[in-house]
Amino acid sequence: MARIGTLVKLQFAYLTEDLMSGHLQLAAGRMNQGFFFDTSPVYCMFLSLSICPVPRVLPGANPAGFYTKSRTNWGGYVRYRPVSPVYVQIGAFEVSPNHGGISGVNWSFRQTDGVNLPFEIGWQPGGSAGERSSHFALGEYYDNAPVNDVYWDDLGTARVLTGLPGRQSHSHTAMWAQFDHMIKRNTPSNVGGLIIFGNFTWTDPHISAFKQQATIGFEDVGEIHSRPRDGFGVQITYALVSDETRSGQKLLYAQFGRYPSGLYSIQSHEIIFEAQYSYHVHHAVDLQPDFQYIVRPNSQAGIKNATVIGGRARVSTYPGQRRIDPAEAGQVQNLQSLMGNDKDYLATRVAYKLNLSGPTLTVQTACSSSLVAVHLACESLRAGECDMAVAGGVAISFPQPGMIFSPDGKCAPLTGMRMALFRGMAWPASHYAASAMPCGTGTR
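Attention in this report is confined to the structure presented alongside it. Nothing here was measured: the structure is a model prediction, and the numbers come from that model.

1. What about helix α5 (residues 369-382)?
Here's step 1: Along its 14 residues, α5 runs 20 Å from first to last C-alpha, staying within 8% of the 20 Å computed at 1.5 Å per residue.
Here's step 2: For α5, the set of buried residues is S369, A373, A377 and S380. In an axial view of α5, the angular spread of the buried residues amounts to 80 degrees, which keeps them on one side of the axis. Residues of α5 that are exposed and point over 90 degrees away from its buried face: L371 and R382.
Here's step 3: Backbone geometry just downstream of α5 places G384 in the positive-phi region, at approximately 80 degrees.

2. Thoughts on unusual backbone geometry
Here's step 1: Of note in the backbone geometry, S21 takes a positive phi value of approximately 55 degrees without being a glycine.
Here's step 2: One non-glycine residue, R296, lies in the positive phi region at around 60 degrees.
Here's step 3: Along the chain, R296 falls in the loop between β14 (285-295) and β15 (306-315).

3. Some words on the side chain of H135
Here's step 1: Following the sequence through the fold, H135 ends up in strand β6 (residues 134-143).
Here's step 2: A polar atom in the side chain of H135 sits 2.8 Å from the side chain of Y87.
Here's step 3: Setting aside its immediate chain neighbours within four residues, H135 contacts T39, Y87, E120, W123, Q124, Q178, F179 and D180.

4. Some details on empty space enclosed by the protein
Here's step 1: According to the stated counting rule, one finds 2 cavities of 30 Å³ or more in the structure shown.
Here's step 2: Estimated volume of the second largest cavity: approximately 30 Å³.
Here's step 3: If you trace the second largest cavity, you find it lined by D220, G222, E223, I224, R227, D230, G231, F232 and Y277.
Here's step 4: In terms of residue class, the lining of the second largest cavity is made up of 3 nonpolar, 2 polar and 4 charged.

5. Here we look at the pattern of salt bridges
Here's step 1: As enumerated under the stated definition, the model contains 3 salt bridges in all.
Here's step 2: Ionic pairing is found between K184 and E223, a salt bridge with its closest N-O pair at 2.7 Å. One end of the pair, K184, is in strand β9 (residues 172-185); the other, E223, is in the loop between β11 (210-221) and β12 (231-241), with 39 residues separating them in the sequence.
Here's step 3: For K184, a relative accessible area of 33% gives the class partly exposed.
Here's step 4: A relative accessible area of 30% means that E223 is categorised as partly exposed.

6. What to know about the state of the cysteines
Here's step 1: Tallied over the full model, the rule gives 1 disulfide.
Here's step 2: Paired by a disulfide, C44 and C52 hold their sulfur atoms 1.8 Å apart. Disulfide C44-C52: torsion about the S-S bond near 95 degrees, hence right-handed.

7. Focus on the side chain of D220
Here's step 1: Relative to the helices and strands, D220 resides in strand β11.
Here's step 2: Buried within the structure, D220 lacks any salt-bridge partner; K184 is the closest side chain of opposite charge, at an N-O distance of 4.9 Å.
Here's step 3: At 3.0 Å, the side chain of D220 and the side chain of N186 are in polar contact.
Here's step 4: In this view, D220 contacts N186, G193, L194, D230, G231 and F232; residues no more than four positions away in its chain are not counted.

8. Some words on the environment of H225
Here's step 1: Tracing the backbone shows H225 in the loop between β11 and β12.
Here's step 2: Separated by 38 residues in the primary sequence, H225 and T187 place their C-alpha atoms 8.8 Å from one another.

9. A closer look at the packing of aromatic side chains
Here's step 1: For the structure shown, the criterion picks out 13 aromatic pairs.
Here's step 2: Ring centres of F12 and F35 lie 5.2 Å apart, and the angle between their planes is 90 degrees; this geometry places the pair in the edge-to-face category. Placement of F12 in the segment before β1 (13-19) and of F35 in the loop between β2 (24-31) and β3 (73-80) is noted, with a sequence separation of 23 residues between them.
Here's step 3: You can call F12 partly exposed: its relative accessible area is 33%.
Here's step 4: Note on F136 and F179: the rings are 6.2 Å apart at their centroids and 15 degrees apart in plane angle, and the pair reads as stacked. On the criterion of sequence distance, the pair formed by F136 in strand β6 and F179 in strand β9 is long-range, its members being 43 residues apart.
Here's step 5: According to the relative accessible area criterion, F179 is partly exposed, its value standing at 26%.
Here's step 6: Through successive ring pairs, a cluster of aromatic residues spans Y14, F36 and Y77.
Here's step 7: The positively charged end of R30 is found above the aromatic ring belonging to W74, 5.2 Å away from the centroid.
Here's step 8: The cationic tip of R56 hangs over the ring face of F210; the distance from NZ or CZ to the ring centre is 5.1 Å.

What counts and how
- Residues numbered from 1 in each chain as written.
- Predicted model: local features only at pLDDT ≥ 70, side-chain atom pairs only at ≥ 80, totals over all residues.
- Heavy atoms only, no water.
- Helix = DSSP H or I, 4+ residues; strand = E, 2+ residues; numbered from the N terminus.
- Expected span 1.5 Å × (residues − 1).
- Buried < 20%, exposed > 50% of the residue type's maximum accessible area, 1.4 Å probe, protein only.
- Arc of directions from axis to C-beta.
- Polar contact = N/O pair within 3.5 Å; in protein donor to acceptor, adjacent residues only side chain to side chain.
- Contact = heavy atoms within 4.5 Å.
- 1 Å grid on protein atoms, 1.4 Å probe; cavity = no way out; pocket = protein on both sides within 12 Å on 5 of 7 lines; lining within 4 Å.
- Points joined across faces, edges and corners; volume = space filled by probe spheres on them.
- Nonpolar A, V, L, I, M, F, W, Y, C, P; charged D, E, K, R; others polar.
- Salt bridge = Lys/Arg side-chain N within 4 Å of Asp/Glu carboxyl O.
- Disulfide = S-S within 2.5 Å.
- Lys, Arg positive; Asp, Glu negative; His and termini not counted.
- Phe/Tyr/Trp six-rings, centres within 6.5 Å; stacked < 30°, edge-to-face > 60°.
- Lys NZ or Arg CZ within 6 Å of the ring centre and 35° of its normal.

Don't take any of this as a statement about function, it's just geometry.
Now the structure itself:
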């Protein structure tokens, strides 16, 4: 029976709640650990995916319960910030091979094998606008789901000799340390600058083909002032194969004179040197050529070092690929800035702040704005629209060099200087005059 392909699959469905003035955050639903633990927005700027969205050694070669990308199950986390830069978070996530089924909506617990408990403590200074942001974190997870040992079988014999399934382990862990730090800011974006980053992750060598992985690199966005959304970066990744995996391969070769299927030598380690440039084409469209030099591909000395040249075109619904940072919630954004500065909001904002009611409007008639505002206030009183009216005007002027205007804002009359005049408050042309007519509590 043929299976119809999947057109749409539900990936994430979870709720978050902030408590204690933002110091405590709760989240629960269909989610995974890969977006909240041992991750950074810098990691996925490279094509090798060795640390995107998390270091590849973290989930392990076996189906361990630390899930990433589209693999989601039931889970949640609690994040607490005792002080602004410091956070502590702990999570609990279902371990199951189901992942919602082919459509993403099969949320049954019938295939649940255990629970994965990640923990992370971090320091995130520089959350305010214009500051250089940083992120330092240490973490660990504990998993009680059954996974197969990479060396021993159920009889206590090497798997490569018997061909039996690996001995199941119901307790394993992994640990990580990570940082990313902006040492120079180029643009207002949270990733608009020179960022250095690094990651070291260790996983249980009994369940993973790799024992540890280390990555270090930098990403520079906006270095070219005429291309503020372009970026380039370099990263180096070192991955070490676990002793258990190597021991099994050595034993197989010693006994039978051959390597495991698909291998040409004993695996040891792999190093990837990668450089990329992201070229911003248009809103939400980027082209990214990429160069990689791989030492010991697939961790094998029997394979020649490889040079890989590739690229990708990225079309995103989030232009600029800005970092999603909860700290931005308390900062002035575009709408807030508009309401606080644009003349159209002045009268209504003053009325709101003074808790006044009644008709409120902004008047702009060039040089006569204040006089017209007073006139309209009087007409409103005469018409019985309110018992009290407030009317006023304001003009803000800045030095405007050129023609006869002073470039430094200082007047110099009768000095013979060609640029010596400055517009006064009585001449608000090209600026704005605004008035408010909020009525008192006795509005009729």
